[in-house]
Amino acid sequence: MEQEKLLEIYVLVRRMYNLLGEILDHSVQISEAIDRNDQITIQMLLSMRREPILELAKTKECIQQRLDAFSPQCAAEFRRLLNGGAAEEEGEKRFAAQVASNMRLGERVRLLDQQLSQKIARDKSVYSAQ
């Protein structure tokens, strides 16, 4: 795999990690505000959390656009790594480790979001049907 392409996508994957961390931080603060029944802070934090969520979506789209510009074989290899596949070359190890970190942090965000949704919306939560 070309190191230049690997670095290009790695930077975006790292950006995703930073955004997920920001989303997690806002979510923890929202949970604390819910526990205090602080409606103003809840609304403010929900609004603040929207920005990194939108940036995360843009970053994912940017990765997709970059992959679409790569050869089909190169794009398939990146998609394999981005879906949690193991590194096959030495240069891919850092990339694969970052993707794994993103997946773990993303799961923490998803679980906390589920808890928040159920606290706020109760039986109207999108997670209630699950």
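Residues numbered from 1 in each chain as written. Predicted model: local features only at pLDDT ≥ 70, side-chain atom pairs only at ≥ 80, totals over all residues. Heavy atoms only, no water.

1. Things to note about the pattern of salt bridges
- Tallied over the entire structure, the rule returns 13 salt bridges.
- Between E77 and R80 there is a salt bridge whose closest N-O contact spans 2.5 Å. With E77 and R80 both in helix α3 (residues 72-82), this residue pair falls 3 residues apart, about one helical turn.
- With its nearest N and O atoms 3.9 Å apart, the salt bridge here joins R80 to E92. (Salt bridge = Lys/Arg side-chain N within 4 Å of Asp/Glu carboxyl O. Helix = DSSP H or I, 4+ residues; strand = E, 2+ residues; numbered from the N terminus.)

2. Things to note about the side chain of S31
- Within the fold, S31 resides in helix α1 (residues 3-36).
- Overall, the relative accessible area of 14% leaves S31 in the buried class.
- Within polar-contact distance, the side chain of S31 engages the side chain of K119 at 3.2 Å.
- Residues within four places of S31 in sequence aside, it is in contact with L116 and K119. (Buried < 20%, exposed > 50% of the residue type's maximum accessible area, 1.4 Å probe, protein only. Polar contact = N/O pair within 3.5 Å; in protein donor to acceptor, adjacent residues only side chain to side chain. Contact = heavy atoms within 4.5 Å.)

3. Focus on the environment of R79
- Within the secondary structure, R79 sits in helix α3.
- Measuring from C-alpha to C-alpha, the distance between R79 and I63 comes to 10.0 Å, with 16 residues separating the pair along the chain.
- Residues within four places of R79 in sequence aside, it is in contact with Q64, L67 and D68.

4. Digging into the packing of α1 against helix α2 (residues 39-69)
- Closest axis-to-axis distance for the α1/α2 pair is 9 Å, and the angle between their directions is 160 degrees. Here α1 lies roughly antiparallel to α2, going by the angle between them. Note that α1 runs across α2; the crossing there is left-handed.
- Split by residue class, the contact of α1 with α2 holds 20 nonpolar, 5 polar and 8 charged. (Axes fitted to C-alpha atoms, helices over the stretch in contact; angles between N-to-C directions. Parallel < 35°, antiparallel > 145°, perpendicular 65-115°, else oblique. Left-handed = near helix turned anticlockwise from the far one by under 90°. Nonpolar A, V, L, I, M, F, W, Y, C, P; charged D, E, K, R; others polar.)

5. A look at the packing of aromatic side chains
- In this structure the tally under the stated criterion is 2 aromatic pairs.
- Judged by centre distance (5.5 Å) and plane angle (45 degrees), the ring pair of F70 and F78 falls under tilted. Each member of the pair, F70 as well as F78, carries the same accessibility label: buried.
- Judged by centre distance (5.7 Å) and plane angle (75 degrees), the ring pair of F78 and F95 falls under edge-to-face. Of the two residues, F78 sits in helix α3 while F95 sits in helix α4 (residues 93-121), which places them 17 residues apart along the sequence.
- Residue F78 is classed as buried on the basis of its relative accessible area, which comes to 0%. (Phe/Tyr/Trp six-rings, centres within 6.5 Å; stacked < 30°, edge-to-face > 60°.)

6. A word on the layout of surface pockets
- By volume, the largest pocket amounts to about 340 Å³.
- Taken together, 15 residues form the lining of the largest pocket, with M16, K60, L82, N83 and V99 sitting closest to its centre.
- Residue contributions to the lining of the largest pocket peak at 5 residues, all from α2.
- Here the residues of the lining of the largest pocket are counted per class, giving 9 nonpolar, 4 polar and 2 charged. (1 Å grid on protein atoms, 1.4 Å probe; cavity = no way out; pocket = protein on both sides within 12 Å on 5 of 7 lines; lining within 4 Å. Points joined across faces, edges and corners; volume = space filled by probe spheres on them.)

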